[in-house]
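# Descriptive structure summary
One letter stands for each residue in the lines below.
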Amino acid sequence: MIELKNVIKEYPNGITALKGIDLKIEQGEFIYIVGASGSGKSTLIKTLYREERVTSGIIKVNEYDLMRMKNSRVPYLRRELGVVFQDFRLLPRLTAYENVAYAMEVIEKRPEEIRTRVIEVLEMVGLKDKIRRYPNELSGGEQQRVAIARAITNKPSILIADEPTGNLDPDTSDEIMEILERINQQNTTVIMATHNQGIVDKYVHRVLTIRQGHLISDQEEGAYRYEA
Ligand code: ADP
Ligand code: ADP
C-alpha cells in the first residue's frame, strides 16, 4: 500500500512541484497520473522510489516510511518497485537477455534462478525469439518490452511507469498496455504517468489529475479530462 499525506516537494531552485498531495493506493490497483507538462507528475513518481526526497508530509510505500528512511535502506525499497521510462533506459552494450539478467545479478540471485527467470519474463513480454539482440537492433516497442521485463523480473509489488508509451505509435502502445494489464492482473500495483488520452479512455482505471502541484481530481474508473 502507498499513502501520502500533505506531501510537499520544493526543489532547491524554489519551485514547489507538489503542493500538499493526499493519496492512498491499495495493493493491486491500476492508477493513471495525468496532467499538463510541468504539473508535477514526474516529481510525484520520483518521490515514490526516493529519487527525490519530499520537503514535508508523510509518504509511505509498503513498510517503508520514506521521510524517515535512511539512504542506506533505499536499495531495499527499490527491490519492491519496478520502474520503466519513456526512453527505455536499457544498457546499450548488453543484449535483451543481459539487460534483464543484470537486474537480478546486482541483487545476487543464483545463476540458475537468473537463467530460468530471464527466459520466463522475456517470454511473458513476447520477446523470447530476440533475447540475443542489442537494444539498437530492436524497435521502440520491443525495447520497452525489454525494459518492462527488467522491471518485473524481481517480482516487485509495484510497477511505476513514467510515460511508457510516450515514444510509441498507437498500435505499439496498445501492445505495451496489454502487457501492463497482464502484470496488474497478477496483483502488481501499476502506477502510470501519461499524456495519452486514447490509452486512458480505452483501458479504464482510476485516474488522478494533477494541476500545478495540486491533486485536482481522483476518479475511480476515470477518463482523461485535465484542463490546462
Ligand atoms: P511533469 O512530469 O508533470 O511534466 P515535473 O514533475 O517534471 O512535471 O515538473 C513539475 C515542476 O517542477 C516544473 O515546474 C518543473 O520545471 C519543476 N522541476 C522538475 N524537476 C525539477 C528539478 N530537478 N529541479 C527543479 N525544478 C524541477
Ligand atoms: P520528465 O518530465 O520526464 O521528468 P523533463 O524533461 O521534465 O522530463 O526533465 C528531465 C530532467 O530534468 C529530470 O531529471 C527533471 O528532474 C529535470 N528538470 C526538469 N525541470 C527542471 C528544472 N526546472 N530545473 C532543473 N531540473 C529540471
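Report on the accompanying structure. Everything quoted here is computed from the prediction, not taken from an experiment. (Residues numbered from 1 in each chain as written. Chains lettered and ligands numbered in written order. Predicted model: local features only at pLDDT ≥ 70, side-chain atom pairs only at ≥ 80, totals over all residues. Heavy atoms only, no water.)

### Concerning the packing of helix α3 (residues 96-105) against helix α4 (residues 111-124)
- Orientation of α3 relative to α4, taken along the N-to-C sense of each, is 130°, at an axis distance of 9 Å. The angle between α3 and α4 places the two elements in the oblique class. The chirality of how α3 crosses α4 is right-handed. When α3 is examined against α4, the residues Ala-96, Tyr-97, Val-100, Ala-101, Met-104 and Glu-105 are found in contact with a partner set consisting of Glu-113, Ile-114, Arg-115, Arg-117, Val-118, Ile-119, Val-121 and Leu-122.
- Residues belonging to the contact of α3 with α4 are distributed by class as follows: ten nonpolar, no polar and four charged. (Axes fitted to C-alpha atoms, helices over the stretch in contact; angles between N-to-C directions. Helix = DSSP H or I, 4+ residues; strand = E, 2+ residues; numbered from the N terminus. Parallel < 35°, antiparallel > 145°, perpendicular 65-115°, else oblique. Left-handed = near helix turned anticlockwise from the far one by under 90°. Contact = heavy atoms within 4.5 Å. Nonpolar A, V, L, I, M, F, W, Y, C, P; charged D, E, K, R; others polar.)

### Some thoughts on the site of ligand 1
- Taken together, Tyr-11, Asn-13, Ile-15, Ala-17, Ala-36, Ser-37, Gly-38, Ser-39, Gly-40, Lys-41, Ser-42 and Thr-43 make up all the residues around ligand 1.
- Contact distances for ligand 1 include 2.7 Å between an oxygen atom and a backbone N or O atom of Gly-38.
- Here an oxygen atom of ligand 1 and a backbone polar atom of Ser-42 are 2.8 Å apart.
- In isolation ligand 1 exposes 550 Å². Once the protein is present, 67% of that is buried.
- The element contributing the most residues to the shell around ligand 1 is helix α1 (residues 41-48), with three residues.
- Tallied by class, residues from the shell around ligand 1 come to four nonpolar, seven polar and one charged. (Near = heavy atom within 4 Å. Polar contact = N/O pair within 3.5 Å; in protein donor to acceptor, adjacent residues only side chain to side chain. Areas by Shrake-Rupley, 256 points an atom, 1.4 Å probe, with all protein chains shown as cover.)

### Description of the side chain of Thr-172
- Of note, Thr-172 is situated in helix α6 (residues 170-185).
- Exposure remark for Thr-172: the relative accessible area of 14% places this residue in the buried category.
- A distance of 2.8 Å separates polar atoms of two side chains, one belonging to Thr-172 and the other to Asp-169. (Buried < 20%, exposed > 50% of the residue type's maximum accessible area, 1.4 Å probe, protein only.)

### Quick notes on α6
- Between its terminal C-alpha atoms α6 stretches 22 Å, which fits the 22 Å expected from 16 residues at 1.5 Å a residue.
- For α6, the set of buried residues is Thr-172, Ser-173, Asp-174, Ile-176, Met-177, Ile-179, Leu-180, Glu-181, Ile-183 and Asn-184.
- On the buried face of α6, the contacting elements are β3 (30-34), α5 (140-152), β7 (158-162), β8 (189-193) and α7 (197-202).
- Two or three places before Asp-171, at the start of α6, stands the capping residue Asp-169, its side-chain oxygen 3.1 Å from that residue's backbone nitrogen.
- Phi turns positive one or two residues past the end of α6, at Asn-187, with a value near 75°. (Expected span 1.5 Å × (residues − 1).)

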